[in-house]
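Close look at the chain arrangement
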Amino acid sequence: MAKDMTLLWVTGSPPCWRVMIALEEKNLQGYNQKLLSFDKMEHKSQQVLDINPRGQIPTFKHGDNVINESYAACFYLESQFKSQGTKLIPDGPAEQALMYQRMFEGLTLYEKLSAVVFYEWSVPEGERHESALKRNKEALVTELKLWEGYLQKLGSGSYLAGPSFTLADVVVFPTVGTLFGFGLSPERYPKLGEYHNLLKERPSVKASWPPHWLENPKDQDRLKDALKDI
Amino acid sequence: MAKDMTLLWGTGSPPCWRVMIALEEKNLQGYNQKLLSFEKMEHKSQQVLDINPRGQLPTFKHGDNVINESYAACFYLESQFKSQGTKLIPDGPAEQALMYQRMFEGLTFYEKLNAVIYYEWYVPEGERHESALKRNKEALVTELKLWEGYLQKLGSGSYLAGPSFTLADVVVFPTVGMVFRFGLSPERYPKLGEYHNLLKERPSVKASWPPHWLENPKGQDTLKDI
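The model shown is predicted, which means the values in this text are computed figures rather than measured ones.

Quick look at the overall build of chain A now. Helix and strand counts for chain A stand at 11 helices and 4 strands. Taken against the 2.2 N^0.38 rule, which gives 17 Å for 230 residues, the C-alpha radius of gyration of chain A at 18 Å falls within 12% of a compact globule. When each of the 230 residues of chain A is scored for burial, the buried share is 55%. For chain A, the share of sequence-separated contacts (at least 6 apart) that also reach a separation of at least 24 residues comes to 72%. With the model as given, the accessible surface of chain A reaches about 10,300 Å², and the carbon-plus-sulfur share is 51%.

Next comes the structure, spelled out in structure tokens:
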């Protein structure tokens, strides 16, 4: 039950967003949640460390079951609540194969995105190189073109694994939302733009949309055009 | 059926090894397979690119279904062949939660390992820093201690998610195999050493043990002192 669940989260974090979309899709609204601040290092606070020794968010508990890895939480929720809400894993082998494949390619997409927009956060000043950032941007462009191709092949109005919304969309859409949040051009990436427009209207996505994107605080400005020219 | 499956793989690659263990556990021996050479850049050859535009291994097909991501292939195989071979996803919520959690922590474990043993493969010469490699080693030690703790808590003879072998072991054991191949000290990491000894006797693991590790029993000592 949602009342036995607790989520510690941060706004704008794709991993947190994945879990929130999954909770909405499985009709588990009403879970206990606490919005923490990355900037204030609250992900390293005792309340997080007590549940998650890695000091990372999301941090998620269902009763005594601790599942902090976002994909793990999504799989767990679909498995435990299979009979309620949206069916997130299709039965057909072909659609299932495509769903699993795209879910895990989604980790690569998120990695390539992070290597660009979080470059300065993850690499200490003395170790940064223009050549590395340039290469990371090229790798992200290659990755984005792959996803454009995937969506092109499936046709307009499609979800990532076919005609139905699946776990692939739960885990990958937050990365797509973040891409456009950081200024990716829908003119250059029209299929991703279409997919973004389709998903952003979905109730579970709207309900979990990062609150600070709605408020537009100043600290978002530094990164909001990070992907404008790629 | 195994006859409709094709796996293109490279020896000593944990992602390939994961899929091979899964195939064995689901009694799908007899699949079509081709051993390719990373050194000869065969992962970028046309036969791979025709199936996998990323030019990576493993590359796996079941009929027309292409599933190249190793975790994806493992999940797919368990789902499609649930009724045969070993049951890889437990029913109980607590065991399931722990299995999923360890599976995905396994990705972090693999990443931290690669950041040390493949540092020079990933980072061009002009961008390498002693400080970065040092930090990567410290991160790997932190990670290894976490896993020692996990195994300590579960007790001897346990698998990663409890008393039964699960998908967590399928996907994480290859990384453990790798750390010992690269010289990790079982004296310093006794719980991981025990787990390694337990799993290396398992039929599916023996059947898929990297052939070049059998030919060259002595591995590297990159991790000897960490």
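This brings us to helix H3 (residues 70-80) of chain A. H3 of chain A sits mainly inside the fold: 9 of its 11 residues count as buried. Those residues of H3 of chain A that sit buried are Ser70, Tyr71, Ala72, Ala73, Cys74, Phe75, Tyr76, Leu77 and Glu78 of chain A.

Between H3 of chain A and helix H4 (residues 93-117) of chain B, the shortest axis-to-axis distance is 8 Å and the interhelical angle comes to 155°. With respect to each other, H3 of chain A and H4 of chain B are oriented roughly antiparallel. Here H3 of chain A and H4 of chain B pass one another in a crossing that is right-handed. Taken together, the residues of H4 of chain B that come into contact with H3 of chain A (itself represented by Tyr71, Ala72, Phe75, Tyr76, Ser79 and Gln80 of chain A) are Pro93, Gln96, Ala97, Tyr100, Gln101 and Phe104 of chain B. Of the residues assigned to the contact of H3 of chain A with H4 of chain B, the class counts are 8 nonpolar, 4 polar and no charged.

UniProt's entry tags residues 3-85 of chain B with the feature "domain: GST N-terminal" (unreviewed entry), counted in the numbering of this structure. Measuring from the first to the last C-alpha atom of residues 3-85 of chain B gives 17 Å, for a span that is 33% helix and 20% strand.

In total, this model carries 23 salt bridges over all chains according to the counting rule given. With a closest N to O distance of 2.8 Å, Arg54 of chain B and Glu105 of chain A form a salt bridge. Residue Arg54 of chain B is found in the loop between helix H2 (46-49) and strand S3 (59-62), and its partner Glu105 of chain A is found in helix H4 (residues 93-117); the two belong to separate chains. Exposure remark for Arg54 of chain B: the relative accessible area of 11% places this residue in the buried category. Since its relative accessible area comes to 1%, Glu105 of chain A is described here as buried. Among the salt bridges present, the one from Arg54 of chain B reaches Glu143 of chain A, with a minimum N-O distance of 2.6 Å. Note that Arg54 of chain B is positioned in the loop between H2 and S3 and Glu143 of chain A in helix H6 (residues 130-154), a pairing that runs across two chains. For the pair formed by Arg54 of chain B and Glu143 of chain A, the shared burial category is buried.

Conventions used here
- Note on numbering: residues in each chain are counted from 1, in written sequence order.
- In the order they appear in the text, chains get letters beginning with A and ligands get numbers beginning with 1.
- Per-residue local features of the predicted model are confined to residues with pLDDT of at least 70, and side-chain atom pairs are confined, for both listing and counting, to 80 or more; whole-chain, interface and lining totals are unaffected and use all residues.
- Processing note: side-chain calculations cover all non-hydrogen atoms of the structure and skip hydrogens and water entirely.
- The way it works is that DSSP assigns letters per residue, a run of H or I at least four long becomes a helix, a run of E at least two long becomes a strand, and they are numbered from the N terminus.
- Radius of gyration here uses only the C-alpha atoms, and the compact-globule reference equals 2.2 Å multiplied by the residue count raised to the power 0.38.
- Think of it in three bands: with a 1.4 Å probe and only protein chains considered, a residue is buried below 20% of the maximum accessible area for its type, exposed above 50%, and partly exposed in between.
- When checking whether two residues touch, look at their non-hydrogen atoms; a contact exists if any pair is within 4.5 Å.
- The accessible surface values rely on the Shrake-Rupley method and a 1.4 Å probe; as for residues, cover is taken only from the protein chains in view.
- Interaxial angle, 0 to 180 degrees, is taken between N-to-C directions of lines fitted to C-alpha atoms, where a helix line uses only the stretch in contact.
- Oblique is the label for every angle not falling under 35 degrees (roughly parallel), over 145 degrees (roughly antiparallel), or within 65 to 115 degrees (roughly perpendicular).
- By convention the crossing between two helices is left-handed if the near helix lies anticlockwise of the far one by an angle smaller than a right angle, and right-handed if it lies clockwise.
- Gly is put with the polar residues, along with every residue not named as nonpolar or charged; the nonpolar set is Ala, Val, Leu, Ile, Met, Phe, Trp, Tyr, Cys and Pro, and the charged set is Asp, Glu, Lys and Arg.
- UniProt positions are given in the numbering used here, feature names are shortened, and annotations may be inferred rather than shown by experiment.
- By convention in these notes, a salt bridge is any Lys or Arg side-chain nitrogen within 4 Å of a carboxyl oxygen on Asp or Glu.

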